[in-house]
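Take a look at the letters that make up each chain.
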Amino acid sequence: MEWKNFDQLESLRLFAETKPMDLKETLDSAAGATRVETCHVPMAAGLDYNYAAKAVDQKILLALVKLAEEAQLADKYRALYNGAMMNTGEQRLVLHQLTRGQLGDDVVVDGVNKRDFYRKEQERIADFANQVHRGQISNEKGEKFTSVVQIGIGGSDLGPRAMYLALEGWAKTNQSFQMDAHFISNVDPDDATAVLSGIDVAHAIFILVSKSGTTLETLTNQAFVMDALRKEGLEPARHMIAVTSETSPLAHSDDFLTAFYMDDFIGGRYSSTSGVGGAVLSLAFGPEIFDRFLQGAHAEDLLAKETDPMKNPDMLDALIGVYERNILGYPSTAVLPYSQALSRFPAHLQQLDMESNGKSVNRDGQPVDYPTGPVIFGEPGTNGQHSFYQLLHQGTDIIPLQFVGFKRSQRANDVTIEGSSSQQKLDANVAAQIVAFACGKEDENRNKNFKGGRPSSIIVGEELTPEALGALLAHFENKIMFQGFVWNLNSFDQEGVQLGKTLARKVLSGQTQGVLTAYSRLLGL
Ligand SMILES: O=P(O)(O)OC[C@H]1O[C@H](O)[C@H](O)[C@@H](O)[C@@H]1O
């Protein structure tokens, strides 16, 4: 396998020979409707990736296929799931796909089969969740726990929180809902206070989630919650479990009822399908629902093995993103789910993408001289339409858009007003936006003129089920991985978050000087 910097790839010259596709002209022509029917790739769990409104024609796609071949994307994915050392910065394997299924060879580390290890932890969590639901594990008074609170930050919060919100309505409608989940992440005392004051603490079970077991915010919130429990006359160790890596300081501690384990081969932002997401989702919805979510993710991982990018939705999405970032020079990407259940999905993707590919050195630590990961932001539609879409439609930057939409809502409750249901209104807006962005509208009044030519793709599904959510999550994880391969990055470390942490520790221990002292004073420290 060869690791070349992006600017060393010979197939890049193919793009010099292609001229950009005129998106507005193409979609406005007779070919437009045909593109919508033909420019799509099936994903897992009934989802479908449609790229009709991307500015890519046959020639550009052919160049992207060559780029994928030269960058050996399929080979690199195979190497990753077969246990190659892909996290070069930290010298670690990258095994999050193994938390949801076996994709290739057995991966054995220090005599432990890693798939067996992840599955065993999932089974332990399932067993624990079932016992909580049956009341066999209860509070000091022998009463059932009725809510669960996850304490964690970053990857130990965003993914699990986004997944919980994504399935809460579905579970309530499908008689799978077991208990409410809440999340404490920020070290701001108002976060923990607000959550604790909104729940019945005596019947709450807390999950302390920290892969490293050293994160300041999480340990502070642990102490905050333990204090609150004691003040209620409750024994913290009867109310708290941990999810952490076996080597962390939290492992094998008496502070917890029990602990579930992951390891260093699961990156925090890739950990939703490990115990990090598994504990809270199994408690909230039951282990069977979590298992269905894993099956959806695994099915998408299998599709990502396809070597032809035109049949591989994750790879194709990645390649079109590279084309937009590096050839067309677009700096950011908006993620726009038309689904209230996906309200925190853009926030999760922000960490997933920006922490993975926001790098300026390659996987060997050498500086790179080309743009890498874009800025990611987003909000669910239609809310975003009444907020930042102005800039998306008429601003000076072109921002590629990633829509997600479903034909059916999750909660079987809708009302027809003026001839259409709310779900129909929601979906009508997605269709309208895609065309408005791509085709625009001429107006003599320049203030009302829409230039068009603003590219988007859409992932469409029947309904946001556990399987569909798993597939959606894995799609983006795999897309980001493939982009990291193209840019020759290590997408699995995050050294960029360290400096701020070190300086904050200095401030708290009074070891500041110069401008850091000045800013500390400004904040009243
Ligand atoms: O799970 P933990 O070890 O507590 O880490 C929580 C988070 O904090 C770190 O600073 C990283 O930026 C994240 O990638 C990580 O997910």
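No experiment lies behind these values; they were computed from the predicted model shown.

Conventions used here
Sequence order sets the numbering: in each chain, residues are counted from 1 along the sequence as written. With the structure being a predicted model, the display of local features is reserved for residues of pLDDT at least 70 and the display and counting of side-chain atom pairs for 80 or more, all residues being used for whole-chain, interface and lining totals. Side-chain metrics rest on all non-hydrogen atoms present in the structure, leaving aside hydrogens and water. Counting from the N terminus, the helices are the DSSP runs of H or I reaching at least four residues and the strands are the DSSP runs of E reaching at least two. Throughout, radius of gyration means the C-alpha value; the globule benchmark is 2.2 Å times the number of residues raised to the power 0.38. Any residue under 20% of the maximum accessible area for its type is buried, any over 50% is exposed, and the rest in between are partly exposed; the area is computed with a 1.4 Å probe on protein chains only. The protein chains shown are the only cover counted for residues, whose accessible areas, like all others here, come from Shrake-Rupley with a 1.4 Å probe. His is not counted, nor are the chain ends, whereas Lys and Arg count as positive and Asp and Glu as negative. Each charge is placed at NZ for Lys, CZ for Arg, CG for Asp and CD for Glu. Residues are labelled near a given molecule or strand when at least one of their non-hydrogen atoms is within 4 Å of it. Side-chain atoms alone can form a polar contact between residues adjacent in sequence; in general such a contact is a pair of N or O atoms within 3.5 Å, and within protein one must be able to donate a hydrogen while the other accepts it. Residues are grouped as follows: nonpolar covers Ala, Val, Leu, Ile, Met, Phe, Trp, Tyr, Cys and Pro; charged covers Asp, Glu, Lys and Arg; every other residue, Gly included, is treated as polar. Nonpolar cores were defined as sets of buried Ala, Val, Leu, Ile, Met, Phe, Trp, Tyr and Cys residues, with membership established by side-chain atoms within 4.5 Å. Residue ranges assigned to the domains are those given by an automatic or database domain assignment. We call two residues in contact whenever any of their non-hydrogen atoms come within 4.5 Å of each other. A patch consists of residues whose relative accessible area exceeds 30% and which take part in no salt bridge; residues with like charges are grouped when within 9 Å of each other, and nonpolar side chains (Val, Leu, Ile, Met, Phe, Trp, Tyr) when within 5 Å. By definition here, a salt bridge exists when the distance from a side-chain nitrogen of Lys or Arg to a carboxyl oxygen of Asp or Glu is within 4 Å. In this scheme, strands are said to pair when DSSP sees at least two bridges between them. All axes here are fitted lines through C-alpha atoms, helices being fitted over the stretch that makes contact, and every angle between N-to-C directions spans 0 to 180 degrees. Along the chain, pLDDT gives the predictor's confidence residue by residue, from 0 to 100. UniProt positions are given in the numbering used here, feature names are shortened, and annotations may be inferred rather than shown by experiment.

Draft legend 1. Molecular detail of the overall build of the chain. Each helix and strand in the chain was counted, giving 18 helices and 15 strands. Rg of the C-alpha trace for the chain: 24 Å, near the compact-globule value of 24 Å for 525 residues, within the 12% margin. Once the C-alpha set of the chain is aligned to its principal axes, its extents read approximately 70 × 60 × 55 Å. Each of the 525 residues in the chain was classed as buried or not, and the buried ones make up 55%. Total accessible area on the chain stands at roughly 22,400 Å², and carbon and sulfur atoms take up 50% of it. Between the averaged position of the 48 positive side-chain charges in the chain and that of its 66 negative side-chain charges there is a distance of 2 Å.

Draft legend 2. Representation of unusual backbone geometry within the structure. Gly 381 connects to Thr 382 through a cis peptide bond whose omega is 5 degrees. Assignment of secondary structure puts Thr 382 in the loop between strand S11 (375-378) and helix H14 (389-394). In this structure, His 252 takes a positive phi of about 55 degrees despite not being glycine.

Draft legend 3. Region of the structure containing the site of the ligand. Neighbouring the ligand are 14 residues, the closest being Ser 210, Ser 212, Thr 215, Glu 355 and Lys 501. Gln 351 is positioned such that a nitrogen or oxygen atom in its side chain is 3.4 Å from an oxygen atom of the ligand. Lys 501 places a side-chain nitrogen or oxygen 2.7 Å from an oxygen atom of the ligand. Coverage of the ligand by the protein chains reaches 88% of its 390 Å² of free accessible surface. When the residues that make up the shell around the ligand are grouped by side-chain class, the tally is two nonpolar, nine polar and three charged.

Draft legend 4. Just the nonpolar core, in detail. Judged by nonpolar contacts, the single largest core of 152 residues is most densely connected at Leu 64, Phe 206 and Phe 403. Among the elements that line this core, the one with the most residues is helix H16 (residues 466-487), at 12 residues. When residues are assigned to domains, this core turns out to be shared by domain 1 (21-82 + 304-487) and domain 2 (96-293), each giving three or more. Each residue touching Phe 403, except ones within four places of it in the same chain, is listed here: Leu 336, Tyr 338, Tyr 389, Val 430, Gln 433, Ile 434, Phe 437, Ser 456, Ser 457, Ile 458 and Ile 459.

Draft legend 5. Representation of a nonpolar patch on the surface. A cluster of nonpolar side chains, Val 515, Tyr 519, Leu 522, Leu 523 and Leu 525, forms an exposed patch at the surface whose accessible area comes to about 620 Å². By secondary structure assignment, the location of Val 515 is in helix H18 (residues 514-522). By relative accessible area, Val 515 is classed as exposed at 59%.

Draft legend 6. Quick peek at the sheet that holds strand S7 (residues 204-209). Overall, parallel pairing links the five strands, which are arranged S6-S5-S7-S8-S9 in an open sheet. Looking at strand neighbours, the two that pair on one side only are strand S6 (180-184) and strand S9 (259-262), the edges of this open sheet. Direction aside, the axes of adjacent strands within the sheet are offset by 20 degrees on average. Here S7 pairs with strand S8 (residues 240-245) via four bridges, running parallel. Bridge pairing links Leu 208 to Ala 242 in S8.

Draft legend 7. Structural view of the confidence of the model for the chain. Put simply, the chain has an average pLDDT of 97, and 100% of its residues get 70 or more. With a pTM of 0.98, the predicted complex shows an ipTM of 0.98.

Draft legend 8. Representation of the UniProt feature "active site" (unreviewed entry) in the chain within the structure. Here, the residues flagged by UniProt with the feature "active site" (unreviewed entry) are Glu 355, His 386 and Lys 501. Spanning 147 residues, the annotated positions stay apart in the fold, the maximum distance between their C-alpha atoms being 36.1 Å. Taking the relative accessible area as the measure of exposure, His 386 reaches 69% and is therefore exposed. Along the chain, Lys 501 turns up in helix H17 (residues 498-508).

Draft legend 9. Representation of the sheet that holds strand S15 (residues 456-461) within the structure. Pairing is mixed in the open sheet, where six strands are placed in the order S1-S2-S15-S12-S10-S11. The open sheet terminates on both sides in strands that have one partner only, identified here as strand S1 (40-42) and S11. For this sheet, the mean inter-axis angle between neighbouring strands, taken without regard to orientation, is 20 degrees. Of the strand pairs in this sheet, strand S10 (residues 332-338) and strand S12 (residues 401-406) are connected by five bridges, and their pairing is parallel. Residue pairing for S12: Val 335 is matched across the bridge by Gln 402. Sitting on the sheet, helix H13 (residues 345-357) is in contact with S10 and S11, with an inclination near 175 degrees to S11.

Draft legend 10. Spotlight on the pattern of salt bridges. This structure, assessed with the given rule, holds 22 salt bridges. Put simply, Asp 227 and Lys 231 hold a salt bridge, and the shortest N to O gap is 2.8 Å. Within this pair, Asp 227 and its partner Lys 231 are both found in helix H9 (residues 216-231), separated by four residues, close to a single helical turn. Among the ionic contacts, a cluster of salt bridges with common partners joins Lys 407, Arg 408, Glu 462 and Glu 463.

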